[in-house]
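What follows is each chain in one-letter form.
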Amino acid sequence: MSASQTSPISPSDVPTLLVKIFGKDRPGITAGLFDTLAAYSVDVVDIEQVVTRGRMVLCALVTEPPRGLEGDLRSTVHSWAESMKMQAEIISGLGDNRPRGLGRSLVTVLGHPLTAEATAAVAATITKTGGNIDRIFRLAKYPVTAVEFAVSGVETAPLRTALVTDAAALGVDVAVVAAGLHRRAQRLVVMDVDSTLIQDEVIELFAAHAGCENEVAEVTAAAMRGELDFEQSLHARVALLEGLDVSVVDKVRAEVRLTPGARTLIRTLKRLGYQVGVVSGGFTQVTDDLKERLGLDFAQANTLEIVDGKLTGRVTGEIVDRAGKARLLRRFAAEAGVPLSQTVAIGDGANDLDMLNAAGLGVAFNAKPVVREAAHTAVNVPFLDTVLYLLGVTREEVEAADTHDDR
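A quick note: this is a predicted structure, and the numbers were derived from the prediction, not measured.

Enquirer: Give a description of the sheet that holds strand β7 (residues 145–152) that names residues and reports values.
Expert: Spatially, 4 strands are ordered β6-β7-β5-β8 in an open sheet, and the strand pairing comes out antiparallel. With one partner strand each, in any of the chains shown, β6 (132–140) and β8 (172–178) form the two edges of the open sheet. In this sheet, adjacent strand axes meet at a mean angle of 20° when their direction is disregarded. Two strands pair when backbone bridges link them, and strand β5 (residues 104–111) and β7 are joined in this way by 8 bridges, in the antiparallel orientation. Bridge assignment links V107 to a residue of β7, and that residue is F149. Against the sheet, helix α3 (residues 116–128) touches β5, β6, β7 and β8, its axis set at about 15° to β7. Set on the sheet, helix α4 (residues 156–170) makes contact with β5, β7 and β8; between it and β8 the angle comes to about 170°.

Shown next, in the form of structure tokens:
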């Protein structure tokens, strides 16, 4: 190499200054800092700003000013900060942040409340798996506290296994998904109905009108725990409804109670371009009504046979059972043009397990223990719209969209 040739300087070797400003938040702080720095011909490498309870922390990583001007820059920034009743700290160094490790995941933690003990345990588990927390962001402050950790340096699967194991003992819900563009891509969300989209078990509502509610409830509970074959239990329960007048269908529809947050979840998903469907071991006499009322894209369930205005105690057509729910998820995904990796399934019972495992993200919602242990993540608060936080949607975004539509 000749004397006139020089090697290019690596970005990691470029002298930089980290300028940190902190104090009471007010308009004009960011503009004022960079207007001050502009006088020294520095380039901006990175910016980070956080406001918590009215207190701002603003970090600016900039290139070193021309030789001989660093002392003047430091003095000027400190004087400006003092005039704004802020504090300043300036640290010399080289380059930018160190490269993030391979393996990128987003860890969402839901707490009601979110305790310091649980937060410490989550952070410690991330460290034990070899992960590094790159950023923390609050998604919601009510009805639950939801925070998101951006983690690098560990693959998603082992991180999920480690965190989900600890979550139940800590009283928090933890979801771990791979970071990437697909998280905000258009997706498909498919939900179970009974005890998920709605608070009720539809067959028990029918049974109440037939005077056999206790008998049906016992069989339903055993089936949801995985103790009974679903199809056999379905036929056994439906047989008890024989002779009910068809007018009961309208009464049951009126008795159905949506789960808190269900309308918000569906409304927000539709605004984001998602398609939304339901699959149910219940009955089309109810799910068809829900599809129309809520603007769902897909709905499939069993159908109660009705002859001469009476329930016959039988179902017709293909049975929607555990395997059927997973099959319908795949069918809906194909019709929607969405790969399975970009689907979300939500359910609570053992007959939802195949569907939860087939989806890109399976969410056990207030589920039975066997389901919580097998699903990708579990949500154990009574608000269905908390699923939005697992998708990276903030409470503020939901409320802003609602306000905009109300205008």
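Enquirer: A description of the UniProt feature "domain: ACT" (unreviewed entry) in the protein should follow, citing residues and the corresponding values.
Expert: With numbering matched to this structure, UniProt assigns "domain: ACT" (unreviewed entry) to residues 18–98. From the first C-alpha to the last, residues 18–98 spans 14 Å; its make-up is 30% helix and 41% strand.

Enquirer: Lay out the packing of helix α5 (residues 202–210) against helix α8 (residues 248–255) with the relevant residues and their values.
Expert: Packing of α5 against α8 leaves a shortest axis separation of 10 Å and a crossing angle of 130°. Taken together, α5 and α8 sit at an angle that is classed as oblique. Between α5 and α8 lies a crossing of right-handed hand. Across the interface between the two elements, V202, L205, F206 and H209 of α5 pack against V248, V249, K251, V252 and E255 of α8. Looking at the contact of α5 with α8 residue by residue, the class counts come to 6 nonpolar, 1 polar and 2 charged.

Enquirer: How would you sum up the packing of aromatic side chains? Please name residues and give values.
Expert: The final tally for this structure, using the stated rule, is 2 aromatic pairs. Geometrically, the ring pair formed by F206 and F283 is edge-to-face, given 6.0 Å between the ring centres and 85° between the ring planes. Of this pair, F206 sits in helix α5 while F283 is found in strand β10 (residues 275–283), placing the two residues 77 residues apart along the sequence. With respect to burial, F206 and F283 carry one shared label: buried. Both rings, one in F298 and one in F332, keep their centres 4.7 Å apart while their planes meet at 15°; by these two values the pair is stacked. Taken together, the residues F298 in strand β11 (residues 298–307) and F332 in helix α11 (residues 322–336) connect sequence positions 34 residues apart.

Enquirer: Kindly report on the sheet that holds strand β3 (residues 55–63), identifying the contributing residues and their values.
Expert: Backbone hydrogen bonds are what pair the strands of a sheet, in a parallel or an antiparallel way. Reading across from one edge, β2-β3-β1-β4 is the order of the 4 strands in this open sheet, with antiparallel pairing throughout. In this open sheet, the two strands that pair with only one neighbour each are β2 (44–52) and β4 (87–94). For this sheet, the mean inter-axis angle between neighbouring strands, taken without regard to orientation, is 10°. As defined by bridge partners, strand β1 (residues 15–24) adjoins β3 across 9 bridges and the pair is classed as antiparallel. What sits directly across from V19, in β3, is A60. Where helix α1 (residues 29–38) meets the sheet, it contacts β1, β2 and β3, and its direction lies at approximately 25° from that of β3.

Enquirer: Account for the nonpolar core, with residues named and values stated.
Expert: Counting residues in hydrophobic clusters, the biggest one holds 63 residues, and the most contacted among them are M191, L197, F206, L241, F283, I346 and L384. When residues in this core are grouped by element, the largest group, 5 residues, is from α5. Among residues more than four places away in sequence, those in contact with L384 are M191, T196, L197, T259, P260, G261, A262, L265, I346 and F365. In terms of nonpolar packing, the next biggest core, distinct from the first, is built from 22 residues, F332, L353, M355 and L356 among them.

Enquirer: I'd like to hear about the pairing of β2, residue by residue, with values.
Expert: The pairing of β2 with β3 spans 8 bridges and is classified as antiparallel. The residue of β3 that forms the bridge with T52 is R55. Two successive antiparallel strands, β2 and β3, enclose a turn made up of 2 residues, where R53 displays a positive phi of approximately 45°.

Enquirer: Describe in detail the side chain of E201, supporting the description with residues and values.
Expert: As for its position among the elements, E201 is in the loop between β9 (188–191) and α5. Buried and unpaired, E201 has no salt bridge, with K368 as the nearest side chain of opposite charge at 5.4 Å. A polar side-chain atom of E201 sits 2.8 Å from a polar atom in the side chain of S195. Not counting chain neighbours up to four residues away, the residues in contact with E201 comprise D194, S195 and T220.

So, how was this worked out
Residues numbered from 1 in each chain as written. Predicted model: local features only at pLDDT ≥ 70, side-chain atom pairs only at ≥ 80, totals over all residues. Heavy atoms only, no water. Pairing = 2+ DSSP bridges. Helix = DSSP H or I, 4+ residues; strand = E, 2+ residues; numbered from the N terminus. Axes fitted to C-alpha atoms, helices over the stretch in contact; angles between N-to-C directions. Contact = heavy atoms within 4.5 Å. UniProt positions renumbered as here; feature names shortened; annotations may be inferred. Parallel < 35°, antiparallel > 145°, perpendicular 65-115°, else oblique. Left-handed = near helix turned anticlockwise from the far one by under 90°. Nonpolar A, V, L, I, M, F, W, Y, C, P; charged D, E, K, R; others polar. Phe/Tyr/Trp six-rings, centres within 6.5 Å; stacked < 30°, edge-to-face > 60°. Buried < 20%, exposed > 50% of the residue type's maximum accessible area, 1.4 Å probe, protein only. Core = buried A, V, L, I, M, F, W, Y, C linked by side-chain atoms within 4.5 Å. Lys, Arg positive; Asp, Glu negative; His and termini not counted. Salt bridge = Lys/Arg side-chain N within 4 Å of Asp/Glu carboxyl O. Polar contact = N/O pair within 3.5 Å; in protein donor to acceptor, adjacent residues only side chain to side chain.

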